[in-house]
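Next come the chains, spelled out residue by residue.
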Amino acid sequence: MSETRIIYGFHAVTSRLRQSVSSIKELYLDSAREDRRAQDLIKTAESCGARVIRVDEKRLDGLTHHARHQGVAARIEIARLPTHIDDVLDTLEEPALLLILDGVTDPHNLGACLRVADAMGVHAVVAPKDRAVGINATVSKVASGAAETVPYIAVTNLARAMRELKDRGIWIVGADQRAEQDLHAVALKGALAWVLGAEGEGMRRLTREHCDHLVRVPMLGTVESLNVSVSAGICLAETRRQRRTAP
């Protein structure tokens with residue numbers, strides 16, 4: 001039997017309708033909503049061949065565990081993504097690009113990181129099973145579909161997983177504002193994995209020690225740190241830029 005998940009919010013549900021309508025098993029809309037946004041959702045659903053089920057707010061609250069659902073939710077079938085990093089790496093036809101997250105426990109941060117990862121063509125996101133939020137409905141909402149397209153690999157021992165990546169020829173680069181070298185001064189053209197920690201705390205000591213190289217994101221203003229998803233976007237975009245310009 002296939003696994004299902006509840007997603008909610010207009011952006012997440014509309015994105016799912018446009019990207020993979022066949023994965024939507026049930027689509028719910030608050031029966032009290034007759035505004036423009038609700039009508040646009042109904043039109044989109046009809047054009048995609050999906051049926052909208054009108055329910056009361058209490059039913060939506062129960063489905064989403066009282067999250068801020070905006071009056072819309074959907075039960076979707078979860079795509080079977082790889083659950084082991086080897087299953088990802090063995091199928092690649094280009095140098096691996098991975099994102100390792102250490103200590104990211106906020107679902108909004110993880111969802112934003114998955115969204116960035118999808119946009120930058122990251123092959124998988126790797127995170128520890130402990131000290132990590134994991135995939136849930138909030139993550140899925142913020143990710144706007146990326147939680148169902150980017151493999152999320154939860155590992156028991158992050159340091160050991162990093163060693164195994166090194167054994168497969170993947171260079172591991174950590175983003176650390178205490179590093180001496182600037183992001184733009186490092187060659188990022190081969191198979192590599194970016195490692196980022198949560199804002200404020202950063203990477204754990206053991207995680208930092210397992211990095212092959214540490215770099216800092218150049219900061220020209222007055223703020224001392226960036227949200228982890230913003231840092232991830234900057235690092236991944238620079239990696240893709242260098243790969244495009246490589247001879």
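This text follows the structure it describes.
Here's a quick rundown of the structure.

Reading guide: rules and limits
- Residues numbered from 1 in each chain as written.
- Predicted model: local features only at pLDDT ≥ 70, side-chain atom pairs only at ≥ 80, totals over all residues.
- Heavy atoms only, no water.
- Salt bridge = Lys/Arg side-chain N within 4 Å of Asp/Glu carboxyl O.
- Helix = DSSP H or I, 4+ residues; strand = E, 2+ residues; numbered from the N terminus.
- Polar contact = N/O pair within 3.5 Å; in protein donor to acceptor, adjacent residues only side chain to side chain.
- Contact = heavy atoms within 4.5 Å.
- Buried < 20%, exposed > 50% of the residue type's maximum accessible area, 1.4 Å probe, protein only.
- Pairing = 2+ DSSP bridges.
- Right-handed = clockwise from strand over helix to strand, strands pointing away.
- Arc of directions from axis to C-beta.

1. A closer look at the pattern of salt bridges
Enumeration over the complete set of coordinates arrives at 18 salt bridges. The network of salt bridges with shared partners includes Arg-5, Arg-16 and Glu-148.

2. Concerning the side chain of Glu-148
Along the chain, Glu-148 turns up in the loop between helix H6 (137-143) and strand S7 (152-155). Polar contacts involving the side chain of Glu-148 include one to the side chain of Arg-5, which spans 2.6 Å. Residue contacts for Glu-148: discarding those within four places in its chain leaves Arg-5, Arg-16, Ile-76, Ala-79, Leu-81 and Ser-140.

3. Comments concerning the environment of His-69
Residue position: His-69 is located in the loop between helix H3 (57-64) and strand S4 (72-77). Exposure remark for His-69: the relative accessible area of 6% places this residue in the buried category. Counting along the chain gives 61 residues from His-69 to Tyr-8, while the straight-line C-alpha distance between them is 5.1 Å. Setting aside residues up to four positions removed in sequence, His-69 forms contacts with Tyr-8, Gly-9, Glu-57, Leu-60, Asp-61 and Thr-64.

4. Looking at the pairing of S7
As judged from the four bridges shared by strand S6 (residues 124-128) and S7, these two strands associate in the parallel manner. Note on S7: the bridge partner recorded for Val-126 is Ile-153. In this region the chain leaves S6, passes through H6 and returns to the parallel neighbour S7; the handedness of that crossover is right-handed.

5. Some points on helix H7 (residues 158-167)
Listing the buried residues of H7 in full gives Leu-158, Ala-159, Ala-161, Met-162 and Leu-165. An end-on view of H7 places all buried positions within 160 degrees of arc, on one side of the element. Gly-169 sits one or two positions beyond H7 and adopts a positive phi of about 80 degrees.

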